[in-house]
Amino acid sequence: MNPIQNRRILLVDDMPTIHEDFRKILLPPSAAKSALDAAKAALFDDEVKSVEVPFELDSAYQGEEGLAKVQASLGAGRPYAMAFVDMRMPPGWDGVETIEHLWRVDPRLQVVICTAYSDTSWEEVLTRLDARDRLLILKKPFDNIEVRQLASALTAKWESTQQAGLQIDQLEAAVEERTVKLVHANEALQAEMSERLRRESQLVQSEKLASIGQLAAGVAHEINNPIGFVCSNFGAMQGYFDNLMQLLGAYERAAAQLNSPATTSGLARLREDLQLDYLKEDMPGLMRESREGIERVRAIVQDLREFSQVDSAQEWRLANLHQGINSTLNIVASEVRQMADIVKTYGQIPEIECLASQINQVVMNLVVNAAHAMGSERGCITVSTGTEDDHVWIEVADTGCGIAAQHLSRIFDPFFTTKPVGKGTGLGLSLSYGIVQRHHGRIEVQSRVGEGTTFRIVLPVRQPSH
Ligand SMILES: Nc1ncnc2c1ncn2[C@@H]1O[C@H](COP(=O)(O)OP(=O)(O)OP(=O)(O)O)[C@@H](O)[C@H]1O
Ligand SMILES: [Mg+2]
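The following refers to the structure shown. Treat the numbers as computed from the prediction; the structure is a model and nothing was measured. (Residues numbered from 1 in each chain as written. Chains lettered and ligands numbered in written order. Predicted model: local features only at pLDDT ≥ 70, side-chain atom pairs only at ≥ 80, totals over all residues. Heavy atoms only, no water.)

1. Comments concerning the sheet that holds strand E5 (residues 135-139)
Phase 1 of the analysis: In spatial order, the strands read E2-E1-E3-E4-E5; together these five strands make up an open sheet with parallel pairing. The strands lining the two open edges of the sheet, one partner per strand, are strand E2 (56-60) and E5. Each strand axis lies, on average, 20° off the axis of its neighbour in the sheet, ignoring direction.
Phase 2 of the analysis: Pairing of strand E4 (residues 110-115) with E5, which is carried by five bridges, proceeds in the parallel orientation. Note on E5: the bridge partner recorded for Cys 114 is Leu 138.
Phase 3 of the analysis: Sheet contacts for helix H3 (residues 63-75): strand E1 (8-12) and E2; angle to E1, the most-contacted strand, approximately 160°. (Pairing = 2+ DSSP bridges. Helix = DSSP H or I, 4+ residues; strand = E, 2+ residues; numbered from the N terminus. Axes fitted to C-alpha atoms, helices over the stretch in contact; angles between N-to-C directions. Contact = heavy atoms within 4.5 Å.)

Right, dumping it as structure tokens:
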């Protein structure tokens, strides 16, 4: 049996006798017939469902009444499958107008328009109604079997149209479901691919940095020894110099008492030629400056060693972040100095378990980015630290150009850069992101275009067992 059974028919006609005729034609003669059918079915072991489902016939005597019935049927969820509509129904709407109204509320309704007149321009009617395949024309006088067959065929058509519609809906739902699955699968694939790319480039970059770090630490180590003895020699030389000056003073005093004018004038000429007075004045300054220079080289070497942490060779250990940040700031000072002032607002923080050289890398990337974000006006970079539960945070805030909203989601992607070719590789932040992840921390960014950007790294004090 068709799951969508609908044998409901509406007759719209102003003549009561027509309604009588349709009732005789379409409705079963009596309930007795159905009973007889059922008995027959039982007797001959026939299935009762083979008994033909009877039509249901409703009557309306004017177009307006027909419309009300169609609306009520829709409201009750029992739509009509078809309607027979008379062409002329004074004083109300004619058949064409009625059908227009009916289809406006129920476009699925199959309609037979009934007419006794041949004066109608059917072409015009069909165009006006946009009838397509849902309108048939029945001319009076009716033939009973014609009416019955029309009713059977059109109710069945309504049913199969509904059925097809349902199947299309199901098909569309299935296609939609598949499409959604495909889209998800595609997204997952894309995400995996970019994650892979990120990891690979991070690996390359971090290996590169590690070897640069090792090189720097090696050079620093080599310089450290000579600087050490130059420094201590300087201490001794300062002592010798003071002694020599003392001796020179004594000689000068003794020379003043000499009675040989030739020797005295010779000494005076030599003193002139050698600019001894100037030398005595200038020498201490030269010694002091050289000493300061050597001290500076020593500090740079120390910063390089601290920064690269090659001494502790990538070991997880407790480290003082402030020490690392300070040495990093010293290293980038020359690059940053022309563009911005650096302000430090350090809080009280405990030592944290980390790969210190890598955290230094992150801070360096952030500070250099901040410096690059400065425009023609000199700006300010504030480096702050603090604690948050059992985490420590480092913030690098700048008064630079800010990051446009459409870039914000991409800055951690490998190779994303807004800098000119050859200026930025676009790996700084993606590498930093990887390092922070490795420390089970997080990196956050807040930015306002034209006002500045703040990066915040939050790191746990202790690592989960690794
Ligand atoms: N503080 C900041 N202010 C404004 N823009 C920033 C800031 N930090 C990062 N960006 C933006 O994010 C992009 C990516 O930064 P990232 O450090 O990954 O690469 P890069 O600086 O362009 O190149 P690299 O660091 O490899 O030299 C930058 O090109 C810039 O557009
Ligand atoms: Mg960068």
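This is not the end of the story, as more comes after the structure.
2. A few points about the site of ligand 1
Phase 1 of the analysis: For ligand 1, the set of nearby residues contains 19 residues, the closest of which are Thr 417, Thr 418, Lys 419, Thr 425 and Leu 429.
Phase 2 of the analysis: Between ligand 1 and Asp 398 there is a distance of 2.8 Å, counted from a nitrogen atom to a side-chain nitrogen or oxygen.
Phase 3 of the analysis: At a separation of 3.5 Å, a nitrogen atom of ligand 1 approaches a polar side-chain atom of Thr 453.
Phase 4 of the analysis: In the complex, 90% of the free accessible area of ligand 1, which totals 590 Å², lies under the protein chains.
Phase 5 of the analysis: Mapped by element, the contributors of at least two residues to the shell around ligand 1 are helix H10 (356-372), helix H12 (428-438) and strand E12 (452-460).
Phase 6 of the analysis: Its residues assigned to classes, the shell around ligand 1 comprises eight nonpolar, nine polar and two charged. (Near = heavy atom within 4 Å. Polar contact = N/O pair within 3.5 Å; in protein donor to acceptor, adjacent residues only side chain to side chain. Areas by Shrake-Rupley, 256 points an atom, 1.4 Å probe, with all protein chains shown as cover. Nonpolar A, V, L, I, M, F, W, Y, C, P; charged D, E, K, R; others polar.)

3. Structural notes on the pattern of salt bridges
Phase 1 of the analysis: The tally for this structure, following the rule as stated, stands at 17 salt bridges.
Phase 2 of the analysis: Its salt-bridge partner being Glu 388, residue Arg 442 comes within 3.4 Å of it at the nearest N-O pair. On the criterion of sequence distance, the pair formed by Arg 442 in strand E11 (residues 442-448) and Glu 388 in strand E9 (residues 379-388) is long-range, its members being 54 residues apart.
Phase 3 of the analysis: Taking relative accessible area as the criterion, Glu 388 reaches 24% and is therefore assigned partly exposed.
Phase 4 of the analysis: Across the pair Glu 395 and Arg 456 runs a salt bridge whose closest N-O atoms are separated by 2.6 Å. One end of the pair, Glu 395, is in strand E10 (residues 391-398); the other, Arg 456, is in strand E12, with 61 residues separating them in the sequence. (Salt bridge = Lys/Arg side-chain N within 4 Å of Asp/Glu carboxyl O. Buried < 20%, exposed > 50% of the residue type's maximum accessible area, 1.4 Å probe, protein only.)

4. Some points on the pairing of E12
Phase 1 of the analysis: For E12, a buried count of eight out of nine residues is recorded, marking the element as mostly surrounded by other parts of the structure.
Phase 2 of the analysis: With eight bridges joining them, E10 and E12 adopt antiparallel strand pairing. Considered in E12, the bridge of Glu 395 is made with Arg 456.
Phase 3 of the analysis: As paired elements, E11 and E12 share seven bridges and run antiparallel to each other. Each bridged residue has a counterpart across the sheet, and for Glu 444 the counterpart in E12 is Arg 456.
Phase 4 of the analysis: Taking the residues that link successive antiparallel strands as the turn, the E11-E12 hairpin has three residues, and the phi of Gly 450 there is positive, at about 85°.

5. Regarding the packing of aromatic side chains
Phase 1 of the analysis: This model, assessed by the stated rule, comprises four aromatic pairs.
Phase 2 of the analysis: Ring geometry for Phe 22 against Phe 142: centres 5.5 Å apart, planes inclined by 85°, an arrangement best described as edge-to-face. With Phe 22 in helix H1 (residues 16-26) and Phe 142 in the loop between E5 and helix H6 (144-256), this residue pair connects regions lying 120 residues apart in the sequence.
Phase 3 of the analysis: Between Phe 412 and Phe 455 the ring centres are 6.4 Å apart and the planes differ by 85°, which places this aromatic pair in the edge-to-face class. (Phe/Tyr/Trp six-rings, centres within 6.5 Å; stacked < 30°, edge-to-face > 60°.)

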